[in-house]
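Results of the structural survey
Each chain, letter by letter, is given below.
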Amino acid sequence: MTRSGAEYARGLHDGRTVLLNGERVPDVTTHPAFAAAVGTVAQLYDLAHDPANRNLMTYPSPRDGRPVHKAWLVPRTREDLAARRRAIKRWADASYGFLGRSPDHVASFFAGFAGSPAFYAGAGQQFADNLLRFAAKAADEDLYVSYVIVHPTVDRSRPAHQQVERYLYAGAAAERDNGIIIRGAQLLGTGSVMSDYILVTVILPLRSGDEDYAISCVVPNGAPGLKLYPRRPYALGPTSVFDYPLSSRFDETDSQVVFDDVFVPWEDVFIYKNIELTAGQFSVTAAHVLGNTQSHIRSCAKLQFLAGLVKRCMDLSGRSATAETVAQLGDLATRVSLVEGMILGAEAAAEPDKFGVMRPKDSLLYASQVFQQAMYPALANQIRGLMGGSLIQLPASAADLLAHAPAADIERYVRWPRAGARERVKLLKLLWDALGSEFGSRHLQYEMFYAGEPGAIQGREFRNFDWAAAEALVDDCLATYDIDTKIP
């Protein structure tokens, strides 16, 4: 059953241990570092919970028929993929694409996991049962699940089991009759400060000897021994929402998560000391392609937002009438349209996998990821070039627009042909927060690496591209002539 925003926020009162600036945060729903972002996520829940959006955002639970968010839907048809896309896009539009790991992200991974129970049963039926049980619980209770799937960067030259001490990386340190003990740390807990559960596994390659770290399980955020160390929250710096409209409301935070002998009952363990299954959960199942389809839809919303924002600035400044600006805006639109086209193309070319999950075309998805990793920095620089020094020379804060004497000068000297000072400053501060602030810089880094190192993404594209079809064309051409073939 979908939750209201208030119900979601109440669920965060679970005794979680969030440590910021040397102190424990008593309540993430009220702390100034996190309260606004929690409120933003609550608005997403309210959007999906609204009966007016029921057809768009939900589908009937197979358990009891109550509405469940479509991010949890295991797609069996292309129509299912389209329904998921529309629901995900609605949430992405509501956050302008700036919540990279909103609740529908890991839910999309679980749609792939839950569609492939036979995969998990390869190590024992109990693990498949555990996975299906939790996926049903998470869908029906509308849980926000985040994940930590990357090892800390302590010594990347050594495998997990050869680090300077055992369990620097999160692993199964002990086994009990009723569960396992997780010890160590894991990255990158984007959104984990405000999620309900954390999926603990690893997407990086493991080697023989790393079996203790080859796990997949879920842990409630309030579990004893679980500690979250968020980076510096950007919401603490803004002088006002007007000055920093994104930093102040959309900082989902990233955390290092420490597991100080956290107990996990067997029922919440999906993979246990199995290197092959740990790797395969992201490639053999449709989880990775579905989860990253959500990322692409979210990214497309952000690109549309940025393009629209720049277009508005050009229109009001009178520059959009010039051929040079039209060409630049056309180039921005092309980049956005290519990403949208890749999403729709992967959906249209989808085929059911061996588990019966309708899987967007992998090679188109990963080609788009390769493209976006290089494109986003170029797009940001292109926008900076269009805006020039106007992004820098802005009033220090909204107070300058509210005080009589400064406001008079600002209204006179900081304006556009088709916009007064307040509208111009509002637009440019929004654009600066998107690209130039600490929040904007984090998003640049995020878009470049959220899907992994460039080489890893290119490797996925290499493995999923239809080389056989490409080389068949070569063979077909070669077969049409030989050394003695005469020109017609």
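Quick note: structure is the one above.
The notes below deal with the structure included here. (Residues numbered from 1 in each chain as written. Predicted model: local features only at pLDDT ≥ 70, side-chain atom pairs only at ≥ 80, totals over all residues. Heavy atoms only, no water.)

Helix and strand counts for the chain come out as 17 helices and 14 strands. Against the globule reference of 23 Å for 488 residues, the chain gives a C-alpha radius of gyration of 24 Å, in line with a compact fold. Dimensions of the chain, computed from the C-alpha atoms along their principal axes, are close to 85 × 75 × 50 Å. Expressed as a percentage of contacts within the chain between residues at least 6 apart in sequence, the contacts between residues at least 24 apart total 76%. Taken together, the 50 basic and 55 acidic charged side chains of the chain have centroids lying 5 Å from each other. (Helix = DSSP H or I, 4+ residues; strand = E, 2+ residues; numbered from the N terminus. Rg over C-alpha atoms; globule rule 2.2 N^0.38 Å. Contact = heavy atoms within 4.5 Å. Lys, Arg positive; Asp, Glu negative; His and termini not counted. Charge placed at Lys NZ, Arg CZ, Asp CG, Glu CD.)

Our focus in this paragraph is helix 15 (residues 438–449). Between its first and last C-alpha atoms helix 15 spans 17 Å; for 12 residues at 1.5 Å apiece the expected length is 16 Å, and the two agree. Listed in full, the buried residues belonging to helix 15 are F439, G440, R442, H443, Y446 and E447. The buried residues of helix 15 occupy one face: seen down the axis, they fall within an arc of 155 degrees. The inward-facing, buried residues of helix 15 abut helix 9 (287–317), helix 11 (362–387) and helix 14 (421–435). (Expected span 1.5 Å × (residues − 1). Buried < 20%, exposed > 50% of the residue type's maximum accessible area, 1.4 Å probe, protein only. Arc of directions from axis to C-beta.)

Okay, empty space enclosed by the protein next. Applying the stated criterion to the full structure yields 5 cavities of 30 Å³ or more. Within this model, the largest cavity holds a volume of roughly 100 Å³. Lining the largest cavity are L81, R84, R85, I88, L290, T293, I297, I343, E347 and P360. For the lining of the largest cavity, the elements supplying multiple residues, two or more each, are helix 4 (78–94), helix 9 and helix 10 (323–348). (1 Å grid on protein atoms, 1.4 Å probe; cavity = no way out; pocket = protein on both sides within 12 Å on 5 of 7 lines; lining within 4 Å. Points joined across faces, edges and corners; volume = space filled by probe spheres on them.)

Below, the discussion takes up a nonpolar patch on the surface. Taken together, the side chains of F462, F465 and W467 present a nonpolar region at the surface, about 330 Å² in accessible area. Within the secondary structure, W467 is located in helix 17 (residues 467–478). Take W467: its relative accessible area is 39%, and that puts it in the partly exposed class. (Patch = residues over 30% accessible without salt bridge, like charges linked within 9 Å, V, L, I, M, F, W, Y side chains within 5 Å. Areas by Shrake-Rupley, 256 points an atom, 1.4 Å probe, with all protein chains shown as cover. Salt bridge = Lys/Arg side-chain N within 4 Å of Asp/Glu carboxyl O.)

Looking at the largest pocket, its volume works out to about 1,200 Å³. Secondary-structure elements contributing two or more residues to the lining of the largest pocket are helix 8 (275–280), helix 9, helix 11, helix 15 and helix 16 (454–464). Its residues assigned to classes, the lining of the largest pocket shows 19 nonpolar, 11 polar and 9 charged. (Nonpolar A, V, L, I, M, F, W, Y, C, P; charged D, E, K, R; others polar.)

Another point: the pairing of strand 9 (residues 215–220). A large share of strand 9 lies buried, amounting to 5 of its 6 residues. Bridging between strand 9 and strand 12 (residues 269–272) involves 3 bridges; their strand directions are antiparallel. Directly across from I215, in strand 12, lies its bridge partner Y272. (Pairing = 2+ DSSP bridges.)

A few words now on the sheet that holds strand 2 (residues 23–24). Read from one edge to the other, the open sheet built from 6 strands follows the order 2-1-10-11-7-6, with strand pairing classed as mixed. Each of the sheet's edge strands pairs with one partner strand only, and the pair in question is strand 2 and strand 6 (171–176). Examined bridge by bridge, strand 6 and strand 7 (residues 179–186) share 5 bridges and lie antiparallel to one another. Residue pairing for strand 7: R176 is matched across the bridge by G179.

Glancing now at the sheet that holds strand 9. Reading across the sheet, the 4 strands line up as 5-8-9-12 and stay open at both edges, with mixed pairing between neighbours. Pairing within the sheet leaves two strands with one partner each, and these edge strands are strand 5 (145–148) and strand 12. Within this sheet the neighbouring strands show an average axis-to-axis angle of 25 degrees, counted without direction. As judged from the 4 bridges shared by strand 5 and strand 8 (residues 197–200), these two strands associate in the parallel manner. Of the residues in strand 8, the one forming a bridge with S146 is I198. Against the sheet, helix 5 (residues 104–114) contacts strand 5, strand 8, strand 9 and strand 12, and its axis sits at roughly 85 degrees relative to strand 5. Taken strand by strand, helix 7 (residues 125–140) contacts strand 5, strand 8, strand 9 and strand 12, and its axis lies near 145 degrees from that of strand 12. (Axes fitted to C-alpha atoms, helices over the stretch in contact; angles between N-to-C directions.)

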